[in-house]
Amino acid sequence: MNNILKKKYAGALAALLALTLAATGCGSSSGSSNTTAAEDTTAAVTEATESAEDTTAGEETTGAETADTEEAAESGSGDTILVKAATSATVNPYTYVNDDNEVTGYDIEVLKEIFNRLDGYELEIEVTDFASIFSGVNSGNYQIAVNNFSYSEERAESYLFSYAYDKISYVFVTREGEEISSFADAAGLSFEGRAGVSVTTAVETWNEKNPDAQIDISYTEAETIVGLQHILDGSVDFGVIDLAMYNAYTKEYDLTGLTMTEIPEDEAKIISENVYAYFLFALDGEELRDTVDEVLVELKEDGTLTALSEEFFGIDAAPEDNQFVETLN
């Protein structure tokens, strides 16, 4: 079996594996897996794998014609370079699937505009699960990761960062009439969050440093909208979320009865020392990263970042000029 056919065979298996994960309820928010669905999918995978083997065997007779077709698909048409970007499409309003089944959001539209301005490139956006974004970039299946990623030293060891394209503002969310404006105000109150995410880690850090002003933490795998509804119905006292997401969810779900207070900048540093979002690239993707950065500067200078953030967030979230001078790594 030649290398091209091996690639096609591997691609088929990867697609079938993705189908298996989807059918077994890999989303942790479900709380359980469907064994029957998993068994049915296993049978389907077996059948489809056999079919893929038959197809591969038949394609071996096509010789050079198949090889030429594969090379054209990988490189794009003519001199066009195909760039694949991966996203989970689950972080509204940054990246999500709209009612027309199209991937959109602020991050996505910024990336689309970048490649609209680049000659010789074709952008393809693929939706995948969160973990596969990282593994896909590392393996070369994707060239860009786009999921409102923040900076961390750990990530910087494995990925290159673009210039910032978004500045995050965090808010406390409570029921109307029960506003809080600092973590000190939240002492004795209840908070619900996902383990490992920055806002939950911030509350844990507060508790570690303030043993006499503890916040009651409960952990969840529920979606963001569920957490906001828990605040609204009184199950939880408060939450922490970024302002753009708060605006998007309260607008979409009409969460009348909630209110928010912006977290002061000094306290926001408890959540993250770096409040910006970046595109990620493989460590050997410096040329593409620099090309993207050149256009990001244009988008900042001509007001496109401001216009898109106002469209999706209702606020100007374009980073300051000094964020377009030097990359983080």
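Thresholds, definitions, all that
Residues numbered from 1 in each chain as written. Predicted model: local features only at pLDDT ≥ 70, side-chain atom pairs only at ≥ 80, totals over all residues. Heavy atoms only, no water. Pairing = 2+ DSSP bridges. Helix = DSSP H or I, 4+ residues; strand = E, 2+ residues; numbered from the N terminus. Phe/Tyr/Trp six-rings, centres within 6.5 Å; stacked < 30°, edge-to-face > 60°. Salt bridge = Lys/Arg side-chain N within 4 Å of Asp/Glu carboxyl O. Buried < 20%, exposed > 50% of the residue type's maximum accessible area, 1.4 Å probe, protein only. Right-handed = clockwise from strand over helix to strand, strands pointing away.

(A) Representation of the sheet that holds strand β3 (residues 95–97). The strand order across the open sheet formed by 3 strands is β2-β3-β4, and the pairing between neighbours is antiparallel. Strands at the two margins of the open sheet, each flanked by one partner only, are β2 (90–91) and β4 (103–104). With 2 bridges connecting them, β2 and β3 associate as antiparallel partners. Following the sheet pairing, Thr90 is matched in β3 by Tyr96.

(B) Fine view of the packing of aromatic side chains. All told, the structure shown has 17 aromatic pairs when counted by the stated rule. Through a chain of ring-to-ring contacts, three or more aromatic side chains come together here, namely Tyr94, Tyr106, Tyr165, Phe279 and Phe313.

(C) Highlighting unusual backbone geometry. For the bond from Asn92 to Pro93, the omega torsion is 15°, close enough to zero to count as cis. As for its placement among the helices and strands, Pro93 is situated in the loop between β2 and β3. With a phi angle near 55°, Ala89 is a residue other than glycine that sits in the positive phi range. Structurally, Ala89 is set in the loop between β1 (81–87) and β2.

(D) Structural context of the pattern of salt bridges. Per the stated rule, a full pass over the model turns up 11 salt bridges. With a closest N to O distance of 2.8 Å, Glu178 and Arg175 form a salt bridge. Residue Arg194 is joined to Glu223 by a salt bridge in which the shortest nitrogen-to-oxygen separation is 3.6 Å. Taken together, the residues span a long stretch of sequence, with Arg194 in the loop between β10 (190–193) and α7 (198–209) and Glu223 in the loop between β11 (216–219) and α8 (224–233) at a distance of 29 residues. Since its relative accessible area comes to 29%, Arg194 is described here as partly exposed. Through salt bridges with shared partners, a single ionic network connects Glu113, Arg117, Glu298 and Asp302.

(E) Region of interest: the pairing of β10. Of the two faces of β10, the one carrying Ser190 and Glu192 and the one carrying Phe191 and Gly193 are both buried. In this structure, β10 lies alongside β11, joined through 4 bridges in parallel fashion. Within β11, the residue paired with Phe191 across the bridge is Ile217. Viewed along the sheet, the connection from β10 through α7 into β11 turns out right-handed.

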